[in-house]
Amino acid sequence: MSVFLLGKMNRRFKPFITLLCMVFGLLIQAQTVTIGTGTSTQRYPLAGYYGFERSASLYTASEINLPAGGSLLSVAWNATASTSFSLPVKIYVKPVASNVTTITAQNWDTAIGGATLVYNGTLNNMPTGWNTVTLQTPFYYNGSDNMMVYVETSYGGYGTGTTAGNAFTYSTAASKHMYIRGDNTPPTQDGTVGPERPNIRMTFGPAPACPPPGVITLTSATTTSAGISWTAPTPAPAGGYEIYYSTSSTAPTATTPPSQTVTTGTSATISPLVANT
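Computed from a predicted structure; not experimentally measured.

Rules of the game
- Residues numbered from 1 in each chain as written.
- Predicted model: local features only at pLDDT ≥ 70, side-chain atom pairs only at ≥ 80, totals over all residues.
- Heavy atoms only, no water.
- Helix = DSSP H or I, 4+ residues; strand = E, 2+ residues; numbered from the N terminus.
- Buried < 20%, exposed > 50% of the residue type's maximum accessible area, 1.4 Å probe, protein only.
- Contact = heavy atoms within 4.5 Å.
- Areas by Shrake-Rupley, 256 points an atom, 1.4 Å probe, with all protein chains shown as cover.
- Pairing = 2+ DSSP bridges.
- Axes fitted to C-alpha atoms, helices over the stretch in contact; angles between N-to-C directions.
- Lys, Arg positive; Asp, Glu negative; His and termini not counted.
- Salt bridge = Lys/Arg side-chain N within 4 Å of Asp/Glu carboxyl O.
- Polar contact = N/O pair within 3.5 Å; in protein donor to acceptor, adjacent residues only side chain to side chain.
- 1 Å grid on protein atoms, 1.4 Å probe; cavity = no way out; pocket = protein on both sides within 12 Å on 5 of 7 lines; lining within 4 Å.
- Points joined across faces, edges and corners; volume = space filled by probe spheres on them.
- Nonpolar A, V, L, I, M, F, W, Y, C, P; charged D, E, K, R; others polar.
- Phe/Tyr/Trp six-rings, centres within 6.5 Å; stacked < 30°, edge-to-face > 60°.
- pLDDT = per-residue confidence, 0-100.
- Core = buried A, V, L, I, M, F, W, Y, C linked by side-chain atoms within 4.5 Å.

## Notes on the overall build of the chain
Thinking step 1. Within the chain, the secondary structure is distributed over two helices and 18 strands.
Thinking step 2. By residue count, 47% of the 277 residues in the chain fall in the buried class.
Thinking step 3. The long-range fraction of contacts in the chain, counting pairs at least 24 apart against all pairs at least 6 apart in sequence, stands at 82%.
Thinking step 4. Summed over all atoms, the accessible surface of the chain reaches about 12,400 Å², with 51% contributed by carbon and sulfur.

Here it is, written out as structure tokens:
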């Protein structure tokens, strides 16, 4: 059984790179991780006071403390006040390298670039206590990368409720939270970065049978080639990796021949490429 990770390369080339690991993974028992013990409150991440609100939080591998990795099944945030309205919500998750420990102010489209949409639905009448959102698409976490969690709420218009909202608890974590807000239309400006990171509870299940690689990084580029590297999953595949690249976004199937095979290491040079395709 193979699981693939799809990553987009530089716009000059527009091919898609897919890495398939070729071994069976290591299962773990489902477990819950709670990050943050602070008792101060804010309306983020599930805010509806403005018509369109955005919240981005960075959690480190040491905080998650799951070296074997696993599949993220749900996330939860602790509310100290209840609300009585329906809130359209999207949740995205993205791995980032372990040396990325702070958030840089940026607009929302840039922030969620490369992230996986794991939930798209409506949360109704949120009560006090831990509000758990079961992900529609479980997300594989490799145990070594840091993790970004993005929450996008779109009540619309001028929003609803009070400025405190559900008063979710947060803890101080320097430059590990960003928010963006606006009325009537989704905001396009850069966000505001601060230390008020929401406390979070993550539930992890077994890792997939063949864990996908982590962050794919463009290391070099010419008009006809591109260098890439990636983070090895845990455990690393004994059989190496198969690389697929194409100008089409269609994922490869079991019968698709790989564009390239890497038996050792976590880097490769993709060639030949055709510019602007």
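Once you've had a look at it, read on.
## Structural notes on the sheet that holds strand β14 (residues 216-221)
Thinking step 1. Within the open sheet, the three strands sit side by side as β14-β15-β18. Their pairing is antiparallel. Edge strands, defined here as strands with exactly one partner in the open sheet, are β14 and β18 (267-270). Pairwise comparison of adjacent strand axes, ignoring direction, gives a mean angle of 25 degrees for this sheet.
Thinking step 2. In the sheet, strand β15 (residues 226-230) pairs with β18 via four bridges, with the strands oriented antiparallel. Counted as the bridge partner of S229 is S267 from β18.

## Comments concerning the environment of Y140
Thinking step 1. As for its position among the elements, Y140 is in strand β9 (residues 129-141).
Thinking step 2. Considered as a pair, Y140 and F204 are 64 residues apart in the sequence and their alpha carbons are 9.0 Å apart.

## A short note on the side chain of K94
Thinking step 1. Of note, K94 is situated in strand β7 (residues 86-96).
Thinking step 2. We note that K94 is buried and unpaired, the nearest opposite charge coming from D109 at a distance of 11 Å.
Thinking step 3. One polar contact links the side chain of K94 to the main-chain carbonyl oxygen of A111, over a distance of 2.9 Å.

## Some remarks on empty space enclosed by the protein
Thinking step 1. Counting across every chain of the model gives two cavities of 30 Å³ or more.
Thinking step 2. In this structure, the largest cavity spans a volume of roughly 40 Å³.
Thinking step 3. Lining the largest cavity are R43, L46, A47, G48, Y49, F85, T160, G161, T162, G165 and N166.
Thinking step 4. Here the residues of the lining of the largest cavity are counted per class, giving four nonpolar, six polar and one charged.
Thinking step 5. By volume, the second largest cavity amounts to about 30 Å³.

## Observations concerning the packing of aromatic side chains
Thinking step 1. Throughout the structure, instances matching the rule amount to six aromatic pairs.
Thinking step 2. Where Y44 meets Y179, the ring centres are 5.2 Å apart and the plane angle is 20 degrees; that geometry is what we call stacked. With Y44 in the loop between β4 (40-42) and β5 (52-59) and Y179 in strand β11 (residues 168-182), this residue pair connects regions lying 135 residues apart in the sequence.
Thinking step 3. When its relative accessible area of 5% is taken as the criterion, Y44 is described as buried.
Thinking step 4. On the accessibility criterion, Y179 (23% relative accessible area) is partly exposed.

## Digging into the environment of P45
Thinking step 1. Tracing the sequence through the fold places P45 in the loop between β4 and β5.
Thinking step 2. In this structure P45 comes out as buried when scored by relative accessible area, which is 3%.
Thinking step 3. A sequence separation of 125 residues divides P45 from Y170, and the C-alpha atoms of the two residues are 9.8 Å apart.
Thinking step 4. Once you skip the residues sitting within four places of it in the chain, P45 turns out to touch S55, W77, V151, T153, F168 and P198.

## So, the confidence of the model for the chain
Thinking step 1. Summing up the model confidence of the chain, the mean pLDDT is 87 and the portion of residues at 70 or higher is 89%.
Thinking step 2. Here residues 1-17 is a poorly scored stretch, pLDDT under 50, and it has 76 contacts once near neighbours within four places are set aside; other chains count.

## Digging into the nonpolar core
Thinking step 1. Grouped together as the largest cluster of nonpolar side chains are 31 residues, with contacts concentrated most on W77, I91 and M202.
Thinking step 2. By size, the runner-up hydrophobic cluster in this structure holds twelve residues, among which are V96, I103, W108 and I112.

## A look at the pattern of salt bridges
Thinking step 1. Taken as a whole, this structure holds two salt bridges when the rule is applied.
Thinking step 2. Residue R43 is joined to E53 by a salt bridge in which the shortest nitrogen-to-oxygen separation is 3.1 Å. Taken together, the residues span a long stretch of sequence, with R43 in the loop between β4 and β5 and E53 in strand β5 at a distance of ten residues.
Thinking step 3. The exposure class assigned to E53 is buried, which follows from its relative accessible area of 1%.
Thinking step 4. Residues R197 and E63 are paired through a salt bridge, measuring 2.8 Å at the closest nitrogen-oxygen approach. One end of the pair, R197, is in strand β12 (residues 192-198); the other, E63, is in helix α1 (residues 61-64), and 134 residues separate them in sequence.
Thinking step 5. Looking at R197, the relative accessible area reads 5%, which means it is buried.
Thinking step 6. Given a relative accessible area of 29%, E63 falls into the partly exposed group.

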